[in-house]
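# Tertiary structure, described
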Amino acid sequence: MELIYKIDFNSTNFYFKHIIDDLIEESQVKANTAMYKGFILIICNDEQEKLEEFFTLLEQNLPLSIFLSGAKVIENFDFDAYEEIEDKDVKINLSLLTNKEIRKILKENNIDFSNDLNKIKEGGISRFETHNGLKDFFLPNKKLREEFEFKGHEVKLLITNINVISDLVEISQKDLQLLCSIERPLVKLRFKLLQNVNNEFSNTKFIYAKIADDKETVLFANALKDEGINYLLYVNDEVYQDGLKVTYNNNQNIVVHGEKGLFPKYDYTLDRKVNSSADYFEEYGSVFKSVIAQYNKRLVPTIGVYFSYESDESSIKVNLPTVGEKEIIHIPNVINSIDNCLEDIKSIDENTQRLIDNYKTKFPEYFKKEFHDKDADGFESILNLLAYVLGMKDHKEFEDIALLSNAKSGLQIDMNVVKIDNKNYLDYRRIIQSSMSYKMAGVEDTMIAYSFYESLVDFISNRVNDINKELKSFDLILCGNMFSNSIMLQKVTKELKNLNILIPKEYPLDY
């Protein structure tokens, strides 16, 4: 019996194919695999009973993957129309923790973690060596967490017992699938109502979480679980690569940031090995240009929105076949100074001086704390200033507060364009000024923060439609880590559904 099984796989790394090859060998079915850009074929030619046994084995043992998007039997395949890609044998930093491999690790290894466990249970920090480098582990503790964050570390959650994690956080079936996928990514989760009330886990209601991703951490996590410790906080101390942060929309899983398990990899368009996201993006000159190459859109007019929290190159832009990349609207890199920000707002008109005076009178406590110049650029600098005047810590807290909103629609935050030196810039002054006005009127922070992202979507939608009246493009590229925000991602795809929206599948949204 001949059968072709097509697995949609949005990566050209070969580890998933190797897992399938091992299952073919284990089952002794007459089959082989072939790897193509975007999919893997399993080509079978055996008795029906043998095939049924093999696909039962496949169903029970083939792990989930963040790059897996579907699978089905196909009636035929035009082998001449597609070029099979060659395995370049690039070694990546990924432990293939299938269920079988985890059982083997736990059975064959017996390590005494008593010193680490005692240190952790006493409220201390265990400095632990993983396959990816050194990490610091500790029980949820506000003081320790804030000390690490003050040093610039991001504190994340290690889940040691996935069966009880729903007691701590809100978690969907999709979140579980991502957490348990073979790449072991970080997933942003929201604490349940009565959890994290003392900010022992996080300064906000959200945290990035993951499960064990290598042999050492599997053994350590199992020892912790046996002691009744179902989760720990940790920070990367001296690691080789950042873990993958992943989100999703209705159509695909999206890598937001990170390199572990993704790089190094062989890029078949560049025809060379790329060692990191910086290596990859810098080869093309920008994230936007790299996505144009991924979707082979060099020869057609394309609109792009690259909105990044950290980058100084956020903009709405176009790519024209005969001209190249052209920026239409820039996001300004403002001075990281609250005094300068307020002076800029005062310059808008005669009413803004009175607004600022009244605001300081009503919320004097907001201006008593020091504004820390973090040498930020673009949206990060703008939202750090906005967060400060609203009494928040920074742009990360601002975003998480927006995500707490259950609103169906928000208020209109002013999103105007101002021309400076013959370039169009988003007027950051109006954003902060209108937000302050709403705050003065008693609007809650969650609504103001939500409204910012919704109004930014309206701004994108209006500008893209204006550009496209002349450009007549069919495609819109969305890239940059701001599109990991579910409010933006969902609303942009809804507002601009008339366009073919392209989001990176194989590479991250940003550096």
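Our subject is the structure that appears above.
Below is a short write-up of the structure. Source: prediction; values computed, not measured. (Residues numbered from 1 in each chain as written. Predicted model: local features only at pLDDT ≥ 70, side-chain atom pairs only at ≥ 80, totals over all residues. Heavy atoms only, no water.)

Across all of its chains, the model carries 37 aromatic pairs by this definition. Pairing F9 with F67 gives two aromatic rings, centres 6.1 Å apart and planes at 75 degrees, and the pair type is edge-to-face. Separated by 58 residues along the polypeptide, F9 in strand β1 (residues 2-9) and F67 in the loop between α2 (48-61) and β4 (68-74) bring together distant segments of the chain. Note on accessibility: F9 and F67 belong to one class, buried. Between the aromatic rings of F77 and Y82, the centroid separation amounts to 5.1 Å while the plane-to-plane angle is 25 degrees, which identifies the pairing as stacked. Overall, the relative accessible area of 14% leaves F77 in the buried class. (Phe/Tyr/Trp six-rings, centres within 6.5 Å; stacked < 30°, edge-to-face > 60°. Helix = DSSP H or I, 4+ residues; strand = E, 2+ residues; numbered from the N terminus. Buried < 20%, exposed > 50% of the residue type's maximum accessible area, 1.4 Å probe, protein only.)

The next subject is the pattern of salt bridges. Scanning all chains against the criterion turns up 30 salt bridges. In this structure, K265 and E506 form a salt bridge, with 2.2 Å as the shortest nitrogen-oxygen distance. Separated by 241 residues along the polypeptide, K265 in strand β14 (residues 265-267) and E506 in the segment after β22 (500-502) bring together distant segments of the chain. The pair formed by K265 and E506 is uniform in burial state, with each residue classed as buried. Note that D394 and K374 form a salt bridge whose closest N and O atoms lie 3.5 Å from each other. Of the two residues, D394 is situated in the loop between α12 (378-389) and α13 (395-403) and K374 in the loop between α11 (352-362) and α12; the sequence distance between them amounts to 20 residues. Classification of K374 as partly exposed rests on a relative accessible area of 45%. (Salt bridge = Lys/Arg side-chain N within 4 Å of Asp/Glu carboxyl O.)

Here the focus is the side chain of S381. Topologically, S381 is positioned in helix α12. Polar contacts involving the side chain of S381 include one to the main-chain carbonyl oxygen of G378, which spans 2.7 Å. Sequence-distant contacts of S381, that is, excluding residues within four places in its chain, are made with V334, N336 and A376. (Polar contact = N/O pair within 3.5 Å; in protein donor to acceptor, adjacent residues only side chain to side chain. Contact = heavy atoms within 4.5 Å.)

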